[in-house]
Amino acid sequence: MQTILTGIRSNSILTLGNYLGALLPMVRLANKHSKDSNINIFVPDLHSIISEVDGDLKENTIRTLKYYIAAGLEINDNVHIYRQSYVPAHSELCWILNCVATMGETSRMIQYKEKSKGSDSCNVGIFDYPILMAADILLYDATYIPLGEDQFQHIELTRNIATRFNNKFGGIFTIPAKTLDQVKFMGQEEGVRIRDLQNPEKKMSKSTLAENSKIMLDDEPEKAMKKIMSATTDSEGKIKFDMFNQPGISNLLQIEALVNDRPLQDVIGEWAGETHYGDLKKKVASSVFNMLTDFQRKMAEIKDEEVLSLLEKGEKYANETANAKLLEVQKAFHLR
Ligand code: ATP
Ligand code: MG
């Protein structure tokens, strides 16, 4: 049975970008495949501590798992929910893979360059987390890892490390699918990249300090509406999907399509020839308002106990699966 795996750090409340780019596509994919695939949904809490955590990590973790359920995740016996730090094999395999990966390939990671800003005082975890991510994936023989496009380089790194390992030790690891195939599997032509509302040439990030740049999933729906209304656009005066020249307008069209689960082309077609940016903003603001209202109502209905009992079951499965794979690797290195 193939495995589809995903994780989202729970350092803080998630943004609309995280939701539309990672959470929602994952939930749709999980529901589509959970009859005949393992669906591993984990919270990478060890990845969290490479940077500041807003609030209590344990509580954030529970909230993140509720996000999946509120987004419509259907639970069955093939759906496994677990916390990374509750499965020690992740850290152990990370160390072993550190001895397989090279400084060269790891230093080329764009996320590392961006997050370290070239400074020597960044913690080693920021440099090393793609290797921990490789361990997260390889322990479970995962083929598909639905993620936003800012993570695609890490999937390629995982493939390279696993291929090198397999060439030396035989086919212990399943090589994850190429990023292009990952995208096809997700049913998208390309990865979704929701833009920063104030600086639409950048992606929306939860760590961005400017409040108006991002919509948080717990924003008052009215507040979110105002943020959309004040989004940066351009002076072209026509509503057209052109991420390069009109990233602000294109971002709004993209949000409108995703929030309403409509094909982007339909939304683009509907607005073609229109010139009033204010009308588009009003429409997107009301779509986001409705989406957040509905989502927040569902979140409030989910009890902690429900999540905790899923974790207990999921962590038993995860430890059994991961320990079996780790043992094969340990044997390859004559550690066992
Ligand atoms: P940070 O600023 O802390 O890096 P982030 O918003 O980039 O936060 P991550 O924790 O890095 O969030 O990523 C969580 C998931 O959300 C990943 O799968 C990532 O690809 C996806 N993602 C992040 N930002 C966006 C975005 N703007 N559009 C679409 N997907 C996104
Ligand atoms: Mg990020």
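To be clear, the structure that these remarks concern was listed above.
Residues numbered from 1 in each chain as written. Chains lettered and ligands numbered in written order. Predicted model: local features only at pLDDT ≥ 70, side-chain atom pairs only at ≥ 80, totals over all residues. Heavy atoms only, no water.

## Side note on the site of ligand 1
Point 1. Within the structure, ligand 1 sits among 18 residues, and D150, I194, K203, K206 and S207 are positioned closest to it.
Point 2. The separation between an oxygen atom of ligand 1 and a polar side-chain atom of N18 is 3.0 Å.
Point 3. One nitrogen or oxygen atom from the side chain of K203 is found 2.5 Å from an oxygen atom belonging to ligand 1.
Point 4. In the complex, the protein chains occlude 94% of the 590 Å² of accessible area that ligand 1 would expose alone.
Point 5. For the shell around ligand 1, the element with the highest residue contribution is helix α1 (residues 16-33), accounting for 4 residues.
Point 6. For the shell around ligand 1, the class distribution of residues is 5 nonpolar, 7 polar and 6 charged. (Near = heavy atom within 4 Å. Polar contact = N/O pair within 3.5 Å; in protein donor to acceptor, adjacent residues only side chain to side chain. Areas by Shrake-Rupley, 256 points an atom, 1.4 Å probe, with all protein chains shown as cover. Helix = DSSP H or I, 4+ residues; strand = E, 2+ residues; numbered from the N terminus. Nonpolar A, V, L, I, M, F, W, Y, C, P; charged D, E, K, R; others polar.)

## Focus: the sheet that holds strand β2 (residues 38-43)
Across a sheet, paired strands are connected by hydrogen bonds in the backbone, their directions being either parallel or antiparallel.
Point 1. Judged by pairing direction, the sheet is parallel, and its 4 strands sit side by side in the order β3-β2-β1-β4 without closing on themselves. At either end of the open sheet lies a strand with only one pairing partner, and these are β3 (79-83) and β4 (142-144). Direction aside, neighbouring strands of the sheet carry axes that sit 40° apart on average.
Point 2. Across 2 bridges, the pairing between strand β1 (residues 3-7) and β4 is parallel. Bridge assignment links I4 to a residue of β4, and that residue is Y144. (Pairing = 2+ DSSP bridges. Axes fitted to C-alpha atoms, helices over the stretch in contact; angles between N-to-C directions.)

## Structural notes on the pattern of salt bridges
Point 1. A complete count under the given rule lists 22 salt bridges for this structure.
Point 2. Put simply, E211 and K227 hold a salt bridge, and the shortest N to O gap is 3.6 Å. Taken as a pair, E211 in the loop between α9 (179-185) and α10 (221-229) and K227 in helix α10 lie far apart in primary sequence, 16 residues in all.
Point 3. Since its relative accessible area comes to 42%, E211 is described here as partly exposed.
Point 4. For K227, a relative accessible area of 2% gives the class buried.
Point 5. Linking E328 and K325 is a salt bridge whose minimum nitrogen-to-oxygen distance equals 3.8 Å. One end of the pair, E328, and the other, K325, are both in helix α14 (residues 304-332), 3 residues apart, so they sit about a helical turn from each other. (Salt bridge = Lys/Arg side-chain N within 4 Å of Asp/Glu carboxyl O. Buried < 20%, exposed > 50% of the residue type's maximum accessible area, 1.4 Å probe, protein only.)

## Some points on the pairing of β2
Point 1. Summarising burial for β2: 6 of the 6 residues are buried, a large majority.
Point 2. Residues N38, N40 and F42 of β2 are buried on one face, and the alternating residues I39, I41 and V43, pointing to the opposite face, are buried as well.
Point 3. With 5 bridges connecting them, β1 and β2 associate as parallel partners. In the sheet register, L5 faces β2, and the bridge partner there is N40.
Point 4. In terms of strand pairing, β2 meets β3 through 5 bridges, oriented parallel. Across the sheet, the residue bridging to I39 is V79, located in β3.

## Quick notes on the environment of D196
Point 1. Structurally, D196 is set in the loop between α9 and α10.
Point 2. Using a relative accessible area of 0% as the deciding quantity, one classes D196 as buried.
Point 3. Here the alpha-carbon distance between D196 and K214, two residues 18 residues apart in the chain, equals 6.1 Å.
Point 4. Not counting the four nearest positions on each side in its chain, D196 is found in contact with K202, K203, M204, T208 and S213.
Point 5. Polar contacts involving the side chain of D196 include one to the side chain of S213, which spans 3.0 Å. (Contact = heavy atoms within 4.5 Å.)

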